[in-house]
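Analysis of the macromolecular model
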Amino acid sequence: MSQKLIDAIFARRSIRKYTSEPVSEADVTSLLQAAMAAPSASNRQPWHFVVVTERDTLDRLGDVHPYAKMLFEAPLCIAVCGDTRVSESYWVQDCSAATENLLLAASALGLGAVWLGVYPREDRVAAVRQALGLPDPILPLNLISIGHPAETKEARTQYNAERVHRGSW
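Residues numbered from 1 in each chain as written. Predicted model: local features only at pLDDT ≥ 70, side-chain atom pairs only at ≥ 80, totals over all residues. Heavy atoms only, no water.

1. What about the overall build of the protein chain?
The helix and strand inventory of the protein chain stands at five helices and four strands. If you line up the protein chain on its principal axes, its C-alpha atoms span 50 × 40 × 30 Å. In the protein chain, which comprises 169 residues, the proportion classed as buried is 42%. Considering only contacts within the protein chain whose residues lie at least 6 apart along the sequence, 75% involve residues at least 24 apart. Element-wise, carbon and sulfur atoms account for 50% of the exposed surface of the protein chain, whose accessible area totals about 9600 Å². Across the protein chain, 17 positive and 19 negative side-chain charges occur, with their mean positions spaced 6 Å apart. (Helix = DSSP H or I, 4+ residues; strand = E, 2+ residues; numbered from the N terminus. Buried < 20%, exposed > 50% of the residue type's maximum accessible area, 1.4 Å probe, protein only. Contact = heavy atoms within 4.5 Å. Areas by Shrake-Rupley, 256 points an atom, 1.4 Å probe, with all protein chains shown as cover. Lys, Arg positive; Asp, Glu negative; His and termini not counted. Charge placed at Lys NZ, Arg CZ, Asp CG, Glu CD.)

Following this line, the structure appears as C-alpha cells:
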C-alpha cells in the first residue's frame, strides 16, 4: 500500500472553521468525481448530490441541523442523498462510501470538511428534505460542510488493538 495513501487517510480530520475564500468549481467537480468513484452494491450508484453555495440555503441548513452551525460561515455544503428506488437495501452503505471518498478528496485538495449526519433521524431528514426541496424517494444521508480551513489539526490514527478480533470473537 502506498505510504502517500496512508498519510492522506491519517491527515483527514473534521474541520469546522473556514476562511471566506470560495471553493472553486474545479474543486467541486473533483470532489464529486471522487465521491462517484466509490463502490456500490451491484454498481447501482444510488447517490445524488445537492451542491449548495447560496448563503440563504447554507444558513437555513445551519438553522435546521443542530450540529451544522459552521454552515453559517462555510462557503459550500454538499448534501449526499440516496435514491431508495435504485437501492432500497444498500443505499446507506453506498452513499457512506461516496461520502468518505469525498472527505478524503477534500483533504487531498487542501480543503477542510466535516460529515454532519442526517439519516436516520426523522426530524433532520424532514428538515433537510424541505430546505433542499428533495422529492419523496430521495433521502438525505448527510451534509458535508466544506471550505478552505481556518484551523489545523494534526494527522493521527485512532487504531485500537482491543477492537481487533482474529478468526473469531
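So, next bit.
2. Details of the sheet that holds strand S4 (residues 138-147)
Spatially, four strands are ordered S1-S2-S4-S3 in an open sheet, and the strand pairing comes out antiparallel. Of all the strands in the sheet, the pair left with one neighbour each is strand S1 (47-52) and strand S3 (112-117). Sheet twist, expressed as the average angle between the axes of neighbouring strands with direction ignored, equals 25°. Note: S3 against S4, six bridges, orientation antiparallel. Each residue of the ladder has a partner; that of Gly112, found in S4, is Gly147. (Pairing = 2+ DSSP bridges. Axes fitted to C-alpha atoms, helices over the stretch in contact; angles between N-to-C directions.)

3. What about the state of the cysteines?
In a disulfide, the sulfur atoms of two cysteines are held together by a covalent bond. For the structure shown, the criterion picks out zero disulfides. Lacking any disulfide linkage, Cys77 is separated from the closest cysteine sulfur, that of Cys81, by 9.6 Å. By relative accessible area, Cys77 is classed as buried at 0%. Distance from the sulfur of Cys81, which forms no disulfide, to the nearest cysteine sulfur (Cys95) is 7.7 Å. Look at Cys81 and you get buried, because its relative accessible area is 1%. (Disulfide = S-S within 2.5 Å.)

4. Brief notes about the packing of aromatic side chains
Using the criterion set out here, one finds one aromatic pair in the structure. On the basis of an interplanar angle of 65° and a centroid distance of 4.8 Å, the ring pair of Trp91 and Tyr119 is categorised as edge-to-face. Highlighted residues: Trp91 in helix H4 (residues 91-108) and Tyr119 in the loop between S3 and helix H5 (122-132), separated in sequence by 28 residues. (Phe/Tyr/Trp six-rings, centres within 6.5 Å; stacked < 30°, edge-to-face > 60°.)

5. Regarding the packing of helix H3 (residues 55-64) against H5
Orientation of H3 relative to H5, taken along the N-to-C sense of each, is 165°, at an axis distance of 10 Å. As judged from the angle between their axes, H3 and H5 are roughly antiparallel. Seen along the crossing, H3 lies across H5 with a hand that is right-handed. The segment H3 lies against H5, with Thr57, Arg60, Leu61 and Val64 engaging Ala127, Val128, Ala131 and Leu132. (Parallel < 35°, antiparallel > 145°, perpendicular 65-115°, else oblique. Left-handed = near helix turned anticlockwise from the far one by under 90°.)

6. So, the nonpolar core
Counting residues in each nonpolar core, the largest one holds 47 residues, and the members touching the most others are Leu31, Phe49, Leu61, Leu71, Ile78, Leu143 and Ile146. Sorting the residues of this core by element identifies helix H2 (25-36), S1, H3, strand S2 (76-83), H4, S3, H5 and S4 as the ones contributing at least two each. Not counting residues within four places of it along the chain, the set of residues in contact with Leu143 comprises Leu61, His65, Leu71, Cys77, Ile78, Ala79, Val114, Trp115, Leu116, Val118 and Val128. (Core = buried A, V, L, I, M, F, W, Y, C linked by side-chain atoms within 4.5 Å.)

7. As for the environment of Ala106
Secondary-structure assignment places Ala106 in helix H4. Sequence spacing of Ala106 and His148 is 42 residues, and the spatial spacing of their C-alpha atoms is 9.5 Å. Those residues within four positions of Ala106 in sequence are excluded, and the remaining contacts are Leu31, Leu111 and Ala113.

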